[in-house]
Amino acid sequence: MKTKRRAFLQTITGLASLSALSAVGAAAPQKPLVVFVTGDHEYSGELTLPLIAAELEKNYGLRTKVLKAYPDYNGEKDIPGLEALREADLAVFFLRWRQLPQQQLDYIDAYLKSGKPVMGFRTTTHAFNYPAGDPRVRWNAFGEFAFGAPPGWGGKAAHTHYGHKSTTDVTVIPEAAKNPILTGVAPSFHASSWLYRVRPDYPAQGATWLLMGKSVNPDKEAIDNPVAWTWKNQWGGKAFMTTLGHPEDFQVEAFQRLVINAIHWELGLPVPTRWKGKIDINVPYGHP
């Protein structure tokens, strides 16, 4: 009888240990991974976005990886490490006029077709610049098919800006005031980015406009244009796009909160209702 009782207790103990191990495993799921893809010539995205990534890891429990153009921000034909997109839960792009090899484009293509979310900053509207006749030329319209933005710079969409001496007054669009991405975002703020013209044909149909920009000191007749919106692309991926992104924009607390909120929204996580405080970002414009 004692032998049977001992065997019974050993069995129960073993089962309890397995249950405890399972509970520990279940209590520690893999943190979401945000992959930042940078290479923009002008706006120092390779310097500003790592500071956003550090904030996400320190205060918001996310994993991040920042990819940079090689050998530097002017390198148009190589962004090492794009295979990281295979594991990414969110891909964030800050690109301008790249000419990546097909193998690297394939990683981006596979990510888009997975239906996972994407985020884009400013010059990502014209992320690629392949010459006419190149088999990769469709990627020049990356801004359009990924984010509902104009299909590259100029062209039929007349995608342009209002001069390097201008700046932008930004306001929350009243109809979007309750959007979770705008939680805690000031109703108006000033941005150093010169306003991008995307209207009248963009953002694409079905987009939700969040922020409106008004050009200050434009170099030509200006119209107000949305500077942040959400959209769903053809693969079902949630998209967030902002045409802001000047390094001085990243010093503005309202813009910082917009970005942190949008990343959470893209990942399907609750937008933080308690702000962790202004992020110390002091990156110069123009790579001095």
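Note that the coordinates shown come from a computational prediction; the quantities given were computed from them, not determined experimentally. (Residues numbered from 1 in each chain as written. Predicted model: local features only at pLDDT ≥ 70, side-chain atom pairs only at ≥ 80, totals over all residues. Heavy atoms only, no water.)

Colleague: Go over the confidence of the model for the chain, please, and point to the residues and values.
Modeller: Overall, the prediction assigns the chain a mean pLDDT of 92, with 90% of residues at 70 or greater. The low-confidence segment residues 11–25 (pLDDT under 50) makes 0 contacts with residues lying over four places distant or belonging to another chain. (pLDDT = per-residue confidence, 0-100. Contact = heavy atoms within 4.5 Å.)

Colleague: Can you break down the side chain of Asp40 residue by residue, with the values?
Modeller: Examined against the element boundaries, Asp40 turns out to sit in the loop between strand 1 (33–39) and helix 2 (45–59). As a buried residue without a salt bridge, Asp40 has its nearest oppositely charged side chain in Arg96, at a separation of 6.6 Å. There is a polar contact of 3.5 Å between the side chain of Asp40 and the backbone nitrogen of Ser44. Among the polar contacts listed, one links the side chain of Asp40 to the backbone nitrogen of Gly45, at a separation of 2.9 Å. (Helix = DSSP H or I, 4+ residues; strand = E, 2+ residues; numbered from the N terminus. Buried < 20%, exposed > 50% of the residue type's maximum accessible area, 1.4 Å probe, protein only. Lys, Arg positive; Asp, Glu negative; His and termini not counted. Salt bridge = Lys/Arg side-chain N within 4 Å of Asp/Glu carboxyl O. Polar contact = N/O pair within 3.5 Å; in protein donor to acceptor, adjacent residues only side chain to side chain.)

Colleague: So what's going on with helix 3 (residues 102–113)? Which residues, and what values?
Modeller: With 12 residues, helix 3 should cover 16 Å at 1.5 Å per step; its first-to-last C-alpha distance of 16 Å lies within 8% of that length. Regarding helix 3, the residues found buried are Gln104, Leu105, Ile108, Asp109, Tyr111 and Leu112. Along the axis of helix 3, the buried positions cluster into a sector of 160°, meaning they face one direction only. Packed against the buried residues of helix 3 are strand 3 (90–95), strand 4 (118–121) and helix 4 (142–147). After helix 3 finishes, the residue Gly115 shows a positive phi value of roughly 80°. (Expected span 1.5 Å × (residues − 1). Arc of directions from axis to C-beta.)

Colleague: Would you mind going over the pairing of strand 9 (residues 208–216) in detail, with residue names and values included?
Modeller: By the bridge criterion, 6 bridges tie strand 6 (residues 167–172) to strand 9 in an arrangement that is antiparallel. When the sheet's bridge partners are listed, Asp169 is paired in strand 9 with Lys214. One ladder, built from 5 bridges, connects strand 9 with strand 10 (residues 225–232); its direction is antiparallel. By the bridge assignment for strand 10, Trp209 is matched with Trp229. (Pairing = 2+ DSSP bridges.)

Colleague: So what about the packing of helix 2 against helix 5 (residues 253–266)? Which residues, and what values?
Modeller: Relative to each other, helix 2 and helix 5 sit at 60°, their axes nearing to 11 Å. The angle between helix 2 and helix 5 falls in the class oblique. Considering how the two elements wind past one another, helix 2 and helix 5 form a crossing that is right-handed. Residues Ile52, Glu55 and Leu56 of helix 2 form the contact with helix 5, whose own contacting residues are Val259, Ile260 and Ile263. Of the residues assigned to the contact of helix 2 with helix 5, the class counts are 5 nonpolar, no polar and 1 charged. (Axes fitted to C-alpha atoms, helices over the stretch in contact; angles between N-to-C directions. Parallel < 35°, antiparallel > 145°, perpendicular 65-115°, else oblique. Left-handed = near helix turned anticlockwise from the far one by under 90°. Nonpolar A, V, L, I, M, F, W, Y, C, P; charged D, E, K, R; others polar.)

Colleague: With reference to specific residues and values, describe helix 5.
Modeller: With 14 residues, helix 5 extends 20 Å from end C-alpha to end C-alpha; this agrees with the ideal 20 Å at 1.5 Å per step. Helix 5 sits mainly inside the fold: 12 of its 14 residues count as buried. What helix 5 keeps buried is the set Ala254, Phe255, Gln256, Arg257, Leu258, Val259, Ile260, Asn261, Ala262, Ile263, His264 and Glu266. One or two residues past the end of helix 5 sits Gly268, with phi positive at roughly 75°.

Colleague: Describe in detail the pattern of salt bridges, supporting the description with residues and values.
Modeller: Scanning the entire structure with this criterion turns up 6 salt bridges. Residue Asp134 is joined to Arg136 by a salt bridge in which the shortest nitrogen-to-oxygen separation is 2.9 Å. Using a relative accessible area of 14% as the deciding quantity, one classes Asp134 as buried. A single salt-bridge network, built from bridges that share partners, covers Asp109, Lys113 and Arg138.

Colleague: Hey, could you go over the sheet that holds strand 7 (residues 188–191) for me, with residue numbers and the actual values?
Modeller: With respect to topology, 9 strands assemble into an open sheet ordered 2-1-3-4-11-10-9-6-7, the strand pairing being mixed. Sheet topology places strand 2 (63–67) and strand 7 at the edges, where each strand pairs with a single neighbour. Ignoring which end each strand starts from, the neighbouring axes of this sheet average 20° apart. Across the face of the sheet, helix 2 comes into contact with strand 1, strand 2, strand 3 and strand 4 while running at roughly 170° to strand 1.

Colleague: Could you give me a rundown of the side chain of Ser193, with the residues and numbers involved?
Modeller: Within the fold, Ser193 resides in the loop between strand 7 and strand 8 (196–197). Only 2.4 Å separates the side chain of Ser193 from the side chain of Asp249, close enough to count as a polar contact.

Colleague: Run through unusual backbone geometry, naming residues and quoting values.
Modeller: Cis geometry marks the peptide bond from Tyr70 to Pro71, where omega comes out at 5°. For the bond running from Arg199 to Pro200, omega is 10°, close enough to zero to count as cis. By secondary structure assignment, the location of Pro200 is in the loop between strand 8 and strand 9. Even without being a glycine, Ser44 presents a positive backbone phi close to 60°. By the element assignment, Ser44 lies in the loop between strand 1 and helix 2. Although it is not a glycine, Ala158 sits at a positive phi angle of roughly 55°. Judged by its relative accessible area of 39%, Ala158 falls in the partly exposed class.

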